[in-house]
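The lines below spell out each chain.
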Amino acid sequence: MSDNTAGGLPPEENEPTPQNPSASTPDPGAAAQPPSEPVPPSQPPAQPPVTPPTQPPAQPTPPVEPTQPVQPTPPAQPGPPVAPPYGAPTTPPAQPYGAPAGGQQPPYPPPAGAYPPPAGAYPPPGQPAYAGAAAFSVGDAIGFGWKKFWANPGPWILAALIFLVINAIFSWISGGFDNFTDYRTDGFSDTDMAEALGLSFVSVLLTIVGVIISYLIAAFYSRGALDETQGRRPDVSAFFRIANVGNVLLAAFLVAVMTIIGTILCILPGIAVAIFSAFVYYFTLDKEQDAITAIKSSWSLVAKNFGSVFLLLLALFGINILGFLVCFVGLLVTIPLSYIAVAYAYRRLVDEQPV
């Protein structure tokens, strides 16, 4: 009763109880009371806005001084090449194949036939491909032989006399065997036939030996002629200082056999063998080719220059006939002249200059 009269009218049911504004601390009795159950909110609480982190402004790059050189980056060590995947285009090389170091373009080769090969550039042994690079005049060849002979006549005449003596001795020996053969074949019987055939075989063998000796003498002359075309004056011993002796002997034997067979076959094939073999000894002595290669080289060279070679040999044959008619004395001049002239033709046809 007193509360109602003292505080006025009692509060209505829905009116909240007023708080004491003068109270500064909560009521201890009220704190001891258990809290009432929270009312679940009808809406979820609003999330606070997420503020993106602010990035500091990029520092400006200082400008590079134009006068300062830029240091090159050292090249990386090359690793093993990686094959491109199948079907991928191939990257062309940075430097063409065969280009020299430094990036310079290699010079282009000159077109074929733009310049003649240097002197002495001949195919190796086994490849007798001499095309006859320079023609020659028959008159020039004979004039060259005449001039060279009279510039050094002594050794040529003495060597010619030695060769004539060798031929005379062999002819005397072979002639004795021929006479013995004629004696044994007079009125031969069947038994004598075998003996006659045996002696005939000896005669053929002596003929082959004689031809080989004559071709060896030709090789000695050729050696002196080669020296003359190279500006060297040979002495007597120079004619006998021949290299490649084995191939010279084999070439002499093969040429002799072919000449005899060709002479038996109506003579003309033997003459043809002699013409085409004109340079055999020059190739064996000068180029030191083997016998087969020297024969091929001579035949190839003559075949490509047959006209000029044939005219030269024909002119020299006529000159030696004149030397023979002058009591054999003229041969002491015409034979050396002939070999020097043929050596001159050989030098010109293999693109060398006689001196």
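The structure displayed is predicted, hence computed values, not measured ones.

Now for the packing of aromatic side chains. The full count for this structure, using the stated rule, is 17 aromatic pairs. Here F144 and Y344 contribute two aromatic rings whose centre-to-centre distance is 5.0 Å and whose plane-to-plane angle is 35 degrees, an arrangement assigned as tilted. Taken together, the positions of F144 in helix α3 (residues 138-151) and Y344 in helix α11 (residues 331-349) put the pair 200 residues apart, joining distant regions of the chain. Of the residues examined, Y344 reaches a relative accessible area of 8% and is grouped as buried. Relative to Y346, the ring of F283 lies with its centre 5.3 Å away and its plane at 90 degrees, an arrangement referred to as edge-to-face. Of this pair, F283 sits in helix α8 (residues 280-286) while Y346 sits in helix α11, and the two are 63 residues apart along the sequence. Comparing F283 with Y346, the two get one shared label, buried. Among the aromatic residues, those joined into a cluster by ring pairs are W156, F163, F220, Y221, F239, F240 and Y339.

The end-to-end C-alpha separation of helix α10 (residues 306-325) is 29 Å, in line with the 28 Å expected for 20 residues at 1.5 Å each. For α10, the secondary structure elements touched by its buried residues are α3, α9 (291-304) and α11. Phi turns positive, to about 50 degrees, at C327, one or two residues after α10.

This paragraph deals with the nonpolar core. Within the largest apolar cluster, 55 residues are counted, with the highest numbers of intra-cluster contacts made by F279, Y282 and L312. Elements supplying a minimum of two residues to this core: α3, α4 (153-184), α5 (190-229), α6 (245-264), α8, α9, α10 and α11. The residues touching F279, leaving out its near neighbours within four places in the chain, are S298, L301, V302, V309, V342, A345, Y346 and L349.

Let's shift gears to the confidence of the model for the chain. Counting all residues, the mean pLDDT for the chain is 73, and 55% of those residues have values of 70 or more. Scored below 50 in pLDDT, residues 19-36 shows zero contacts in the model against residues more than four places distant or in partner chains.

Turning to the side chain of T334, a few remarks are in order. Along the chain, T334 turns up in helix α11. In this structure T334 touches I319, N320 and G323, once residues within four positions along its chain are discounted.

Together, F317, I321, L322, F324, L325, V326 and F328 line one region of the surface with nonpolar side chains, adding up to about 750 Å² of accessible area. Note on placement: L325 falls in helix α10.

Cut-offs used in this document
Residues numbered from 1 in each chain as written. Predicted model: local features only at pLDDT ≥ 70, side-chain atom pairs only at ≥ 80, totals over all residues. Heavy atoms only, no water. Phe/Tyr/Trp six-rings, centres within 6.5 Å; stacked < 30°, edge-to-face > 60°. Helix = DSSP H or I, 4+ residues; strand = E, 2+ residues; numbered from the N terminus. Buried < 20%, exposed > 50% of the residue type's maximum accessible area, 1.4 Å probe, protein only. Expected span 1.5 Å × (residues − 1). Contact = heavy atoms within 4.5 Å. Core = buried A, V, L, I, M, F, W, Y, C linked by side-chain atoms within 4.5 Å. pLDDT = per-residue confidence, 0-100. Patch = residues over 30% accessible without salt bridge, like charges linked within 9 Å, V, L, I, M, F, W, Y side chains within 5 Å. Areas by Shrake-Rupley, 256 points an atom, 1.4 Å probe, with all protein chains shown as cover. Salt bridge = Lys/Arg side-chain N within 4 Å of Asp/Glu carboxyl O.

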